[in-house]
Amino acid sequence: MTKTIVVWLGAMLCCALWGSAFPCIKIGYELFEIPSDAVATQILFAGLRFTLAGVLALLIGSALNRRWLVPKKGSGIKIVKLCMLQTVAQYLFFYVGLAHTSGVRASIIEGVNVFIAILVASLIFHQEPLTARKIVGSIIGFAGVVLVNLTGDVGAGGFALFGDGCILLSTVAYAFSSVYLKRYSKEEDPVVLSGWQFVLGGLIMIACGLVFGGRLTVVTPVGIAMLVYLAVVSAVAYSLWGVLLKYNPISRVAVFGFMNPVFGVILSAIFLREAGSLGVMCILSLALVCAGIYIVNRGEKTTA
């Protein structure tokens, strides 16, 4: 899991899956007829997704390991911390924010999470040094994220608290969850951590959604299929991401997060028709993102 080709392919697969979540969540809102002001129903929808994602992750992991994946004694507090950051906080803000902004605007703001993750790991938890190479690579990668968004509606309207503000808060929660997942994975199976925190976090979100009046009144086979796909995205991507974080420095993996907005913008442009022509801009953006990833990874030690 420390070989460069494995890290690159694994991280890119995670980013492609996460990038597809931008348009798929908004399409899910349309299929279930969830309006942008129905916050409780949005939370309920997210809770159902993550509970199912946790069950899928645990079933797949148990099948691969030929044993039931159960937490170790004393792991409960770790799972609670992860679920509150990685599922409840991150996705509560993300789902509410995405309902009040476009997929393109959400994508560019999500690109900030790479900066935050590297800064938190380096300056707060001291898990790795913050070098000039990492800073330069991050800036170049984020420039690619900005560039690909310039062709969309990113400039439309001002900063909205319930839209852009919530997306920004979700990136902060993501950064801290990555650091804790890295720390806990030294002694725990990352699939166990991801699966159980998804189940717990999803159940908490379902309860909150129901208590505050959230209801899914329109349920169709297509809508259920979309919900299942979103659950698979989380189950596969977060489990694989956790494994990569366990065996590699956070900056070596987190920098691939710059690809999330690129995939998000491209797929939003295709499925939501939110962006115009992405031809030349997309190529230039991908070049900058790849350059940033290369700079951060160049000479990086493969041991955590």
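Here the structure is shown first, and the text comes after it.
Residues numbered from 1 in each chain as written. Predicted model: local features only at pLDDT ≥ 70, side-chain atom pairs only at ≥ 80, totals over all residues. Heavy atoms only, no water.

As for empty space enclosed by the protein
A complete count under the given rule lists two cavities of 30 Å³ or more for this structure. Of the pockets and cavities examined, the largest cavity occupies roughly 170 Å³. The wall of the largest cavity is formed by 13 residues, among which Trp18, Gln90, Tyr91, Glu110 and Asn260 lie closest to the centre. Broken down by secondary-structure element, the contributors of at least two residues to the lining of the largest cavity are helix H1 (4-31) and helix H3 (76-98). (1 Å grid on protein atoms, 1.4 Å probe; cavity = no way out; pocket = protein on both sides within 12 Å on 5 of 7 lines; lining within 4 Å. Points joined across faces, edges and corners; volume = space filled by probe spheres on them. Helix = DSSP H or I, 4+ residues; strand = E, 2+ residues; numbered from the N terminus.)

Points about H3
Since the α-helix packs 3.6 residues into each turn, any two residues three or four apart lie on the same face. Across its 23 residues, H3 extends 31 Å between first and last C-alpha, which sits within 8% of the 33 Å expected from 1.5 Å per residue. Remark: the principal bend of H3, roughly 35 degrees, maps to Cys83. (Expected span 1.5 Å × (residues − 1). Bend = angle between axes of the 7 residues up to and from the residue.)

Brief notes about the nonpolar core
Counting residues in hydrophobic clusters, the biggest one holds 71 residues, and the most contacted among them are Tyr95 and Trp241. Here this core gets 12 residues from one element, more than from any other, and that element is H1. Contact partners of Tyr95, with chain neighbours within four places excluded, come to Ile25, Tyr29, Gln42, Phe45, Ala46, Arg49, Phe50 and Leu230. Judged by nonpolar contacts, the second largest core, of six residues, contains Leu58, Leu69, Val191 and Val192. (Core = buried A, V, L, I, M, F, W, Y, C linked by side-chain atoms within 4.5 Å. Buried < 20%, exposed > 50% of the residue type's maximum accessible area, 1.4 Å probe, protein only. Contact = heavy atoms within 4.5 Å.)

What to know about the layout of surface pockets
The space that makes up the largest pocket amounts to roughly 250 Å³. Considering the residues around the largest pocket, the lining is formed by 15 residues, among which Gly61, Leu64, Val191, Ser239 and Val243 are closest to the centre. For the lining of the largest pocket, the elements supplying multiple residues, two or more each, are helix H2 (39-65), helix H8 (190-211) and helix H9 (221-247). If one sorts the elements of the lining of the largest pocket by residue count, H9 sits on top with seven residues. Split by residue class, the lining of the largest pocket holds 10 nonpolar, three polar and two charged. (Nonpolar A, V, L, I, M, F, W, Y, C, P; charged D, E, K, R; others polar.)

So far we have only geometry, and geometry alone does not tell us how the molecule works.
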